[in-house]
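Here is how the chains run, residue by residue.
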Amino acid sequence: MVNENLVEDVVKEPYKYGFVTDIETEKIAKGLNEDTIRLISQKKEEPKYLLDFRLKAFKKWQTMDEPDWAGLGYKQIDYQDIIYYSAPKQKEKISSLDEVDPKLLETFDKLGIPLTEQKKLTNVAVDAVFDSVSIATTFREELAEHGVIFCSISEAVKNHSDLIEKYLGTVVPASDNYFAALNSAVFSDGSFVYIPKGVTCPMDLSSYFRINSGDSGQFERTLIIAEESSSVSYLEGCTAPMFDTNTLHAAVVELIALDDASIKYSTVQNWYAGDEEGVGGIFNFVTKRGKCLGKRSKISWSQVETGSAITWKYPSCLLLGEASVGEFYSVALTNNLQQADTGTKMIHIGPKTKSTIVSKGISAGNSINSYRGLVKMGTKATGSRNYSQCDSMLIGDQASANTFPYIKSQQPNSEIEHEASTCSISEDQLFYLQSRGIEFEEAISMMVSGFCRDVFNQLPMEFAAEADKLLALKLEGSVG
Amino acid sequence: MEIIEKIKNNKLIDNQTEIQKICLHKLQSSPLPNPKSELWRLSNKSKFSDFLDYSINEKDPKFDIPYPKNSQSTIRLIIGESYQIKIIEENYSIQQLSEDELDKHIKEQISYFDQNENWSDLLNLSLSCTKNILGLKINGSKIPPIEIFSHASSNSLNAKTLVIFLEKNCDIDLLQVNLGEENSSLSQSTFFCLEENSSVNHGVVSYGENRSNLLNSLNVIQQKNSEYNLGSLHFKFNFARFEIRIKQSAGNAKTNIKSMQITKKDEQISTYTKIDFNGPNGFLDQLNKSLADDKSHAIFEGSIIVPKIAQKTDASQLSRNLLLSNLAQIDTKPQLEIIADDVKCKHGATISQLNEEELFYMRTRGITLPEASKLQLSSYFQEIISFIPVSKDRWDLLDKLLNEK
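Computed from a prediction, not measured in an experiment: that's the story for all the values here.

Draft legend 1. Looking closely at the nonpolar core. Counting 224 residues, the largest nonpolar core has Ala226, Ala257 and Ile263 of chain A together with Val306 of chain B as its most contacted members. Composition of this core by domain shows at least three residues from each of domain 1 (2-355) and domain 2 (356-405) of chain B. Ignoring any residue separated from it by four or fewer positions in sequence, one finds Val306 of chain B in contact with Phe277, Thr313, Ala315, Glu337, Ile338, Ile339, Ala340, Val343 and Cys345 of chain B.

Draft legend 2. Inspection of the domain arrangement of chain B at higher detail. Residue and element names in this part refer to chain B. You can read the domains of chain B as domain 1 (2-355) and domain 2 (356-405). Placing a centre on the C-alpha atoms of domain 1 and another on those of domain 2 gives a separation of 26 Å. With 22 residues of domain 1 at the contact, the number on the domain 2 side is 21 residues. Counting residues per element, the ones that place at least two in the side of domain 1 that touches domain 2 are strand 7 (171-180), strand 9 (199-208), strand 11 (227-235) and strand 13 (254-263). Of the residues contributing to the side of domain 1 that touches domain 2, the split by class is 10 nonpolar, 7 polar and 5 charged.

Draft legend 3. Fine view of the packing of helix 6 (residues 356-364) of chain B against helix 7 (residues 369-385) of chain B. Residues and elements named next belong to chain B. Helix 7 packs onto helix 6 with a crossing angle of 130° between their chain directions and a minimal axis gap of 9 Å. Here helix 7 runs oblique to helix 6, going by the angle between their axes. Both helix 6 and helix 7 take part in a crossing whose hand is right-handed. Facing Glu358, Leu359, Met362 and Arg363 of helix 6, the residues of helix 7 in contact are Leu369, Ala372, Ser373, Leu375 and Gln376. A breakdown of the residues in the contact of helix 6 with helix 7 according to their chemical character gives 5 nonpolar, 2 polar and 2 charged.

Draft legend 4. Examining the environment of Glu196 of chain B more closely. Residue and element names in this part refer to chain B. Note on placement: Glu196 falls in the loop between strand 8 (185-194) and strand 9. By the C-beta count within 10 Å, which is 15 here, Glu196 ends up partly exposed. Each C-alpha atom of the pair Glu196 and Lys168 lies 5.1 Å from the other, and the pair is 28 residues apart in sequence. Those residues in contact with Glu196 that lie beyond four places of it in its chain are Lys168, Gln223, Lys224, Asn225 and Ser226.

Draft legend 5. The arrangement of the pairing of strand 6 (residues 157-166) of chain B in detail. Residues and elements named next belong to chain B. Counting buried positions over the 10 residues of strand 6 gives 10, a clear majority of the element. Here strand 6 shows no split at all, with Leu157, Ala159, Thr161, Val163 and Phe165 on one side and Asn158, Lys160, Leu162, Ile164 and Leu166 on the other all buried. Bridge count for strand 4 (residues 133-140) against strand 6 is 6 bridges, and the pairing is parallel. Counterpart to Ile133 in the pairing with strand 6 is Thr161. Across 10 bridges, the pairing between strand 6 and strand 8 is parallel. Residue Leu162 lies in a different strand from strand 8, and its bridge partner there is Thr190.

Scoring rules and cut-offs
Residues numbered from 1 in each chain as written. Chains lettered and ligands numbered in written order. Predicted model: local features only at pLDDT ≥ 70, side-chain atom pairs only at ≥ 80, totals over all residues. Core = buried A, V, L, I, M, F, W, Y, C linked by C-beta atoms within 7 Å. Buried ≥ 20, exposed ≤ 12 C-beta atoms within 10 Å, placed from the backbone. Domains from an automatic or database assignment. Contact = placed C-beta atoms within 7 Å. Helix = DSSP H or I, 4+ residues; strand = E, 2+ residues; numbered from the N terminus. Nonpolar A, V, L, I, M, F, W, Y, C, P; charged D, E, K, R; others polar. Axes fitted to C-alpha atoms, helices over the stretch in contact; angles between N-to-C directions. Parallel < 35°, antiparallel > 145°, perpendicular 65-115°, else oblique. Left-handed = near helix turned anticlockwise from the far one by under 90°. Pairing = 2+ DSSP bridges.

Here is the structure:
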């Protein structure tokens, strides 16, 4: 067995994004009832259909039970002890970035997300969400020239109400699950993307989510619509300050791809994971789902999950269109007392659909890292194929790695292949690398990086670097 | 489900033995398994109630073993027939367990039972009267093959229990045959204890007739350096569940499992396995095959549990499935739960139909499509059948499977 103390030292790297921005915020009172929902809706000046959508979801949520099937051990959440709306105070309408509170810009600068004009050198448009509201969206004019709409969902409700009304809740219905119902009732902000027919989005789009208040939950909602023959690559990043309390993050992401459209959705999740004793950290209970509605459409999820005390997340694809394609590439790293229950669902409904799943789990410390996935071939999914690969790496003898693949087929003319393996940091490999003059830490990083390569290769260029940085946070050294 | 009402009201059996009392008591708090639990959620409710719909049979009519003995010396036993077994030869001995030994062992097992996970065993032990519990203590080597039969007669629910102690350095070939007559239900629980350095080739062949049902549960405890090889085959049941629970109590043991279930018409057959490594250097090689045709449903759920103590475990699990009809369905869930870091564990699963390229190749050589399919199926079946002991010479399992309508 590898010298565990050394490995643990490597894995123990402090959380760099744990600072709090001292900024005046507008918060509503704690608690959740119909009035809270009406108040949120009123603050956001929403049309009636959206308020109705929220209230209906709330009614549904009240009848539902919090899911416990994943066996995640956490203290019961008091839903009345959460602030459901918190926003930094600023002028009513912002016409340019110059008017954004400099403290906020500074916060995002510190996080490595440049919002100010002079720093927007990289070819990525950013929507920055701070607690419950979107602060700024960059490159909007350039995107508008191509007909691409990229704005906060609150703005979209005002300016593109028809699209919101048509698509919101069509992929993840309010009644889908407990946390999706909660999100539908109280969602505050998030990003909206619309790519018109035939347009290849000229730059990568990115959202950055920042939780700043310790007592408010974040309930963002993202909706991406790719019209016929369009394509877009969307990146998402998340951080939060260090608090002793657990903060709830229950997001919903809906993707819709029409004929020949393609959406690539990449996430680097680095919410605060709690301290070594498991105190504090974000509860990341997220519902992400894409609908490949059109023929030959494609939705690809790639994720690097390194943060959160508890992650409960299954980015899924509903493959309805003929010959549509779903992909899922994931790296999940857990340490200390973190728990990650993540995986995907590939539901093959249309004929000739194809899906690929590559999941890499790394568990260290006392953490629990589980892959839970569903592959289902419906009765009409003739000529469909799935390939899944789930690998786990265990560091130390206290960590746990589980694999729960659910496989169901109702179509003889389809093929499903699943394979999973578990390995540890091999002493032989370490010895080999060290005997060639490679430092211990670097050798571990190299091995972890090699283990994750299949997934890192799928991340967009701009994000691959960030993913590397994040893994390096946890596994010090030159990962990648 | 009259039987469940009887359990609730404690009116199931007159003159209950102590074991029956304990099990009934455990069942009374939740007479039915939790339908939402992973172990039961896929079970067809109406078929499961078919299983429970028969009244309990305590008087077994005369049962004739369907196959004649061949020249090979085989020891044949029927659970439910009263005989005194005491075979003492130069190299080996086979003796019936005394009532005290049986009681002690079963009670110890029950103390570990989980209401939901061991529901089938609890039901079995609640129903099984003393006559229907066969306990054997086997010792020595060069033991002739043993065949043990369980049988369910028509229009009744039958419970049979088998307890086998394999003493140190003993090795045997044992074939267990479970037969269900038309419209019958059989609850079969088997408890196997392998002492150090013992080894067994265990075959389980279960098949029924029209509308017969089966709950078959197999609990194996393996001590150090023991080897347990299981080959099993289940087919022709309206509803059947085969639950395998194996515990390598101190590691350093070997387990090989090759199991197969074949479903046709509207049958549902499921296999659940749980392999618990409770010590280091454990080994597992598991293959489960399913074939689902017509409107049937085949299920496999296998879990491998490797706690911290089980370092150097080497476990692999493969689920291979053939889906032959548009209306049939297959569910499979091979799962791993690992805490130890120095282990080799892997699993795989595939679902497909017969290989088209192979069929095409055979057809270009002048073999007709039905013949080519049959050839492919026979090689698919043969891998499992050849692993079932004592069956090769006279059980004609392959013919049975290929020619079964």
